[in-house]
Amino acid sequence: MQKQLAKMKQSLFDQGYLDEQFIQLEELQDDANPNFVEEVVTLYYRDSVRLVQNIEQALEKNPLDFAKLDSYMHQFKGSSSSFGAKKVKTECTQFRDHCRAGNADGCKRTFQELKKEYATLKKKLEVYFQFARQAGPVEKACRPK
């Protein structure tokens, strides 16, 4: 079961969903807090709901307040980076570039893509963590190839 779990994690890296930060978080996990990474990710998804709603509301305004949108996205990118959400972070960067350029259509288009990546990663991590709980504790976090 541990081999399957390792393959599942590797595929998240191979597909570009996660980066090195995820491994760094896993290295902080120990017997005293065996679900540390899952807790961090759960908090991220719980807390980011408000940010997503704020961005959606700000995108409905006319004219768009690019400074406010950029500020929201700066927060979202930071929290996404904290656990290694690579594709989400990439979309955040593109969104911020569109804000700086005053490109409303680019912001709206990129935000739709961001929400898709955000939801996809959430589903994949839910499956991964469920499987990890079934597999039991891992001896040591290992870096992907």
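Keep in mind that what you see is a predicted model, and the values were worked out from it rather than measured.

Side note on the packing of helix H3 (residues 36–60) against helix H6 (residues 104–135)
Contact pair H3 / H6: the axes reach a minimum separation of 11 Å and the direction vectors enclose 160°. In this view, H3 runs roughly antiparallel relative to H6, as classed from their interaxial angle. The two elements H3 and H6 cross, and the hand of that crossing is left-handed. Counting all contacts with H3, which are made through Val37, Glu38, Val41, Tyr44, Tyr45, Ser48, Val49, Val52, Ile55, Glu56 and Leu59, the residues of H6 involved are Cys107, Lys108, Phe111, Lys115, Tyr118, Leu121, Lys122, Leu125, Phe129 and Arg133. Its residues assigned to classes, the contact of H3 with H6 shows 14 nonpolar, one polar and six charged.

A short note on the UniProt feature "domain: HPt" (unreviewed entry) in the chain
Following the UniProt record, one finds the feature "domain: HPt" (unreviewed entry) at residues 33–128. Helix makes up 85% of residues 33–128 and strand 0%, whereas the separation of the span's terminal C-alpha atoms amounts to 18 Å.

What about the packing of aromatic side chains?
Under the counting rule described, the total for this entry stands at 10 aromatic pairs. Seen in terms of ring centroids, Phe13 and Phe22 are 6.4 Å apart; in terms of plane orientation they differ by 70°. Their pairing is edge-to-face. Accessibility assignment for this pair places Phe13 and Phe22 in one class, buried. Relative to Phe111, the ring of Phe95 lies with its centre 6.2 Å away and its plane at 65°, an arrangement referred to as edge-to-face. Highlighted residues: Phe95 in helix H5 (residues 86–101) and Phe111 in helix H6, separated in sequence by 16 residues. What makes Phe111 buried here is its relative accessible area of 1%.

Reading the values: rules and limits
Residues numbered from 1 in each chain as written. Predicted model: local features only at pLDDT ≥ 70, side-chain atom pairs only at ≥ 80, totals over all residues. Heavy atoms only, no water. Axes fitted to C-alpha atoms, helices over the stretch in contact; angles between N-to-C directions. Helix = DSSP H or I, 4+ residues; strand = E, 2+ residues; numbered from the N terminus. Parallel < 35°, antiparallel > 145°, perpendicular 65-115°, else oblique. Left-handed = near helix turned anticlockwise from the far one by under 90°. Contact = heavy atoms within 4.5 Å. Nonpolar A, V, L, I, M, F, W, Y, C, P; charged D, E, K, R; others polar. UniProt positions renumbered as here; feature names shortened; annotations may be inferred. Phe/Tyr/Trp six-rings, centres within 6.5 Å; stacked < 30°, edge-to-face > 60°. Buried < 20%, exposed > 50% of the residue type's maximum accessible area, 1.4 Å probe, protein only.

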